[in-house]
Amino acid sequence: MRVEVPDWQGAVRAAGDLLVEAGLCEPRYVEAMIRAVEQMGPYMVLAPGIALAHARPEDGVLKIGMSIVTLATPVNFGSEANDPVQLVIAFGGVDKTTHIGMLQDLAKFLVVEGNQVLLKTASDAKHVLAAIRAAQEVQ
Amino acid sequence: MRKLRIMVVCGFGLGSSMVLKLTLDGVLKEAGLAAETFCGDEATSRGEKCDAILTSGPLAHLFQNGSQPVIVIDNFLSKDEVRQKALEPLQRLASE
């Protein structure tokens, strides 16, 4: 929560390193996520202030997983429509389909405007986890 | 009304495009418009047969020379934006 990073690469790395620490992907996956933005542009900034960073399963995913990082100071990804980014979500899927449910849950959570505000302003991961759990129970 | 084939495109065809596909599916369902929606990636999407393409601004240039309409969506989580930009053209295509 409220991580300080110098640029968008640092933001992706912060979210990716959480996946590495949790044993969900290899370090090379983090670099693959950064390369993806460099090569294809900032399309991963999929809504105002929100980037969904990921690469391919074969780029070093060990287990399906997701991490969320909020930034103390928002950074620009070069997205005309959706910069600056304050919320970076990194995920790794093991194939083309098993993560769909996870993204579905994420999308359902994020379309609730209050949840976006909560994520962007939260100072404690506990509050975020509680909100995510509460949302799951409602479903 | 014919059933449309709509491709949603992002870099790998599994993350951002999946989120947009879910938003689009919701809009289509509410509008009662039957369509097959699927994700495509940067490499494989060109040449894929479909009636319309939804993608983000940074990737729209890929389809400049294509014959299908390309609809650019800025906020992949916004049903409102998808409804405003895509629903009317898609309804028109479906009734052709």
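Residues numbered from 1 in each chain as written. Chains lettered and ligands numbered in written order. Predicted model: local features only at pLDDT ≥ 70, side-chain atom pairs only at ≥ 80, totals over all residues.

K.L.:
Lay out the overall build of chain B with the relevant residues and their values.
P.N.:
Secondary structure assignment for chain B yields 2 helices and 4 strands. Reading chain B from its N end, one meets helices and strands in the order β-α-β-β-β-α. In terms of overall size, chain B behaves like a compact globule, its C-alpha atoms giving a radius of gyration of 12 Å where 96 residues would be expected to give roughly 12 Å. Each principal axis of the C-alpha atoms in chain B carries an extent, and together these give about 30 × 25 × 20 Å. When the 96 residues of chain B are sorted by exposure, 39% land in the buried category. Partitioning the contacts of chain B with sequence separation of at least 6, the portion at a separation of at least 24 is 61%. (Helix = DSSP H or I, 4+ residues; strand = E, 2+ residues; numbered from the N terminus. Rg over C-alpha atoms; globule rule 2.2 N^0.38 Å. Buried ≥ 20, exposed ≤ 12 C-beta atoms within 10 Å, placed from the backbone. Contact = placed C-beta atoms within 7 Å.)

K.L.:
Before we move on, can you summarise the sheet that holds strand β3 (residues 65–75) of chain A with the specific residues and values?
P.N.:
Residue and element names in this part refer to chain A. The 4 strands lie next to each other as β1-β2-β4-β3, forming an open sheet whose pairing is mixed. The open sheet terminates on both sides in strands that have one partner only, identified here as β1 (45–47) and β3. Across this sheet, the average inter-strand angle for adjacent strands is 30°, counted without regard to direction. Bridging between β3 and strand β4 (residues 85–92) involves 7 bridges; their strand directions are antiparallel. Residue S67 lies in a different strand from β4, and its bridge partner there is A90. (Pairing = 2+ DSSP bridges. Axes fitted to C-alpha atoms, helices over the stretch in contact; angles between N-to-C directions.)

K.L.:
An account of the sheet that holds strand β1 (residues 4–10) of chain B is requested, with residue identities and associated values reported.
P.N.:
All names here are of chain B. Taken together, the 4 strands give an open sheet; going across it, the order is β2-β1-β3-β4, and neighbouring strands pair in parallel fashion. Two strands in the sheet have a free side with no partner beyond their single neighbour: β2 (35–41) and β4 (70–72). Neighbour-to-neighbour, the strand axes of this sheet turn through a mean angle of 25°, independent of strand direction. Docked against the sheet, helix α1 (residues 16–31) engages β1, β2 and β3 (52–55), running at close to 150° with respect to β1. Its contacts with the sheet put helix α2 (residues 79–95) on β1, β3 and β4, and the angle it makes with β3 is roughly 165°.

K.L.:
I'd like a rundown of the pairing of β2 of chain B, residues and numbers included.
P.N.:
On any regular strand, side chains alternate: one points to one face of the sheet, the next to the other face. Residues and elements named next belong to chain B. The pairing of β1 with β2 spans 7 bridges and is classified as parallel. Bridging from a neighbouring strand, V9 pairs with G40 of β2. Read as a crossover between parallel neighbours, the route from β1 over α1 to β2 is right-handed. (Right-handed = clockwise from strand over helix to strand, strands pointing away.)

K.L.:
I'd like a rundown of the interface of chain B and chain A, residues and numbers included.
P.N.:
Of the residues lining the interface, 19 residues belong to chain B; the matching set on chain A comes to 24 residues. Among the elements that take part in the side of chain B that touches chain A, α1 of chain B stands out by supplying 5 residues, more than any other.

K.L.:
Please give an account of the environment of L129 of chain A that cites residues and values.
P.N.:
Residues and elements named next belong to chain A. Within the fold, L129 resides in helix α5 (residues 125–138). You can call L129 exposed: it has 12 C-beta atoms within 10 Å. The spacing of L129 and L119 is 10 residues in sequence and 9.9 Å in space, taken between C-alpha atoms.

K.L.:
Tell me about α1 of chain B, and please be specific about residues and values.
P.N.:
Taking 1.5 Å of rise per residue, the 16 residues of α1 of chain B would be expected to cover 22 Å, and the 23 Å separating its terminal C-alpha atoms lies within 8% of that figure. Positive phi appears at G32 of chain B, one or two residues downstream of α1 of chain B, with a value of about 70°. (Expected span 1.5 Å × (residues − 1).)

K.L.:
With reference to specific residues and values, describe the packing of helix α1 (residues 8–21) of chain A against helix α2 (residues 27–40) of chain A.
P.N.:
Any two packed helices are characterised by how steeply their axes cross, that is the angle between the axes, and by the distance between the axes. Residue and element names in this part refer to chain A. At their nearest, the axes of α1 and α2 sit 9 Å apart, and the two run at 150° to each other. By the angle between their directions, the pair α1 and α2 is classed as roughly antiparallel. In this structure, the crossing between α1 and α2 has a hand that is right-handed. For the pair formed by α1 and α2, the contact residues are Q9, V12, R13, G16, D17 and V20 on the first element and P27, Y29, V30, M33, I34 and V37 on the second. Classifying every residue of the contact of α1 with α2 by side-chain character gives 8 nonpolar, 2 polar and 2 charged. (Parallel < 35°, antiparallel > 145°, perpendicular 65-115°, else oblique. Left-handed = near helix turned anticlockwise from the far one by under 90°. Nonpolar A, V, L, I, M, F, W, Y, C, P; charged D, E, K, R; others polar.)

K.L.:
Lay out the nonpolar core in plain terms, naming residues and giving numbers.
P.N.:
Counting 65 residues, the largest nonpolar core has A53, V88, I89 and A90 of chain A together with V19 of chain B as its most contacted members. With sequence-adjacent residues up to four places away left out, V88 of chain A is seen in contact with A11, V12, A14, A15, A51, A53, V69 and L71 of chain A. (Core = buried A, V, L, I, M, F, W, Y, C linked by C-beta atoms within 7 Å.)

K.L.:
Tell me about α1 of chain A, and please be specific about residues and values.
P.N.:
Residues and elements named next belong to chain A. An ideal rise of 1.5 Å per residue puts 20 Å on 14 residues; α1 measures up with 20 Å between its terminal C-alpha atoms. All of the buried residues in α1 are W8, A11, V12, R13, A15, G16, L18 and L19. On the buried face of α1, the contacting elements are α2, β2 (50–53), β3 and β4. Just beyond α1, the residue with positive phi is G23, at close to 75°.

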